[in-house]
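The lines below spell out each chain.
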Amino acid sequence: MDERLTTILATLRERFAADARLEDVEAYLSSEGYERHQIGEIVALWLAEFPGRRASVRPTQMTMNFRVLGPHERSRFAPDAWGYLLALSGRGVLSAPELEHVIDRALTHIDGQIALDDLRVLLEGAGFGDSSGGETSGADHVTIH
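Note that the structure is predicted; figures quoted are calculated from it, not measured.

Chemist: Before we go on, may I ask you to explain the overall build of the protein in this structure?
Modeler: Secondary structure summary: the protein contains seven helices and zero strands in total. Shown N-terminal to C-terminal, the secondary structure of the protein runs as helices and strands in the order α-α-α-α-α-α-α. Across the 145 residues of the protein, 34% fall into the buried class. Contacts in the protein between residues at least 24 apart in sequence constitute 53% of all its contacts with a sequence separation of at least 6. Total accessible area on the protein is roughly 9200 Å²; 52% of this is exposed by carbon and sulfur atoms.

Here you go:
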C-alpha cells in the first residue's frame, strides 16, 4: 500500500466513526480532490476495516475496470473497432471477461488490422447481434474460422 493511501485511511479512521454515512465519507474524499474511481477504492479499503459494514457497499462505489491496449494489440485494432468494443463494454453489453474473450478471438482469427466490420461479424457469430444499425450489408461479411 502506498504512503498516500495509508495517510488517507488514517485520516478517515480519525475523522469518521465505523457507523458514519458513506455519503459523508465520499463527500469528504471528493472535497480532498479524489476522483470517483479513487473514492471507490479508498472507501472499499476503509470499509474492509469494519467487517459488518462490507455488505452495505453500493455497486457504484466499487472501482471500475477499464481496458488499455497492450503493445501487441495497438497495431492490430483500428481505432473505430477499438472504440466500438469499449462502447459495448461501457453499455454493459459485454462483461469484462466477454470483452477479453472477444479481443483474444479477434487477435487469433483475424489476420492483419482488425476493422469495425470484422468485429461486427465476429460478434454476430458469437450471438451478440449488432443493434446499432450498422451500414454493412450482408454481402460484405467475411467468414471467420
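Chemist: Got a minute to help me understand the nonpolar core in this structure?
Modeler: The tendency in soluble globular proteins is for nonpolar side chains to be buried side by side. With 20 residues, the main nonpolar core has Phe 77, Leu 85 and Leu 119 as its most contacted residues. Broken down by secondary-structure element, the contributors of at least two residues to this core are helix H5 (79-90), helix H6 (96-109) and helix H7 (116-125). With 17 residues, the next largest nonpolar core counts Ile 8, Phe 16, Tyr 34 and Trp 46 among its residues.

Chemist: So what exactly am I meant to see when it comes to the pattern of salt bridges here?
Modeler: Pairing between side chains of opposite charge can happen when the charged atoms of each approach one another. This structure, assessed with the given rule, holds two salt bridges. Salt-bridge contacts for Arg 13 lead to Glu 49; the nearest nitrogen and oxygen are separated by 2.9 Å. With a gap of 36 residues between them, Arg 13 in helix H1 (residues 3-15) and Glu 49 in the loop between helix H3 (36-48) and helix H4 (71-74) connect regions that are remote in the sequence. By relative accessible area, Glu 49 is classed as partly exposed at 32%. Between Arg 21 and Asp 24 there is a salt bridge whose closest N-O contact spans 3.4 Å. With relative accessibility at 51%, the residue Arg 21 sits in the exposed group.

Thresholds applied
- Residues numbered from 1 in each chain as written.
- Predicted model: local features only at pLDDT ≥ 70, side-chain atom pairs only at ≥ 80, totals over all residues.
- Heavy atoms only, no water.
- Helix = DSSP H or I, 4+ residues; strand = E, 2+ residues; numbered from the N terminus.
- Buried < 20%, exposed > 50% of the residue type's maximum accessible area, 1.4 Å probe, protein only.
- Contact = heavy atoms within 4.5 Å.
- Areas by Shrake-Rupley, 256 points an atom, 1.4 Å probe, with all protein chains shown as cover.
- Core = buried A, V, L, I, M, F, W, Y, C linked by side-chain atoms within 4.5 Å.
- Salt bridge = Lys/Arg side-chain N within 4 Å of Asp/Glu carboxyl O.

So far we have only geometry, and geometry alone does not tell us how the molecule works.
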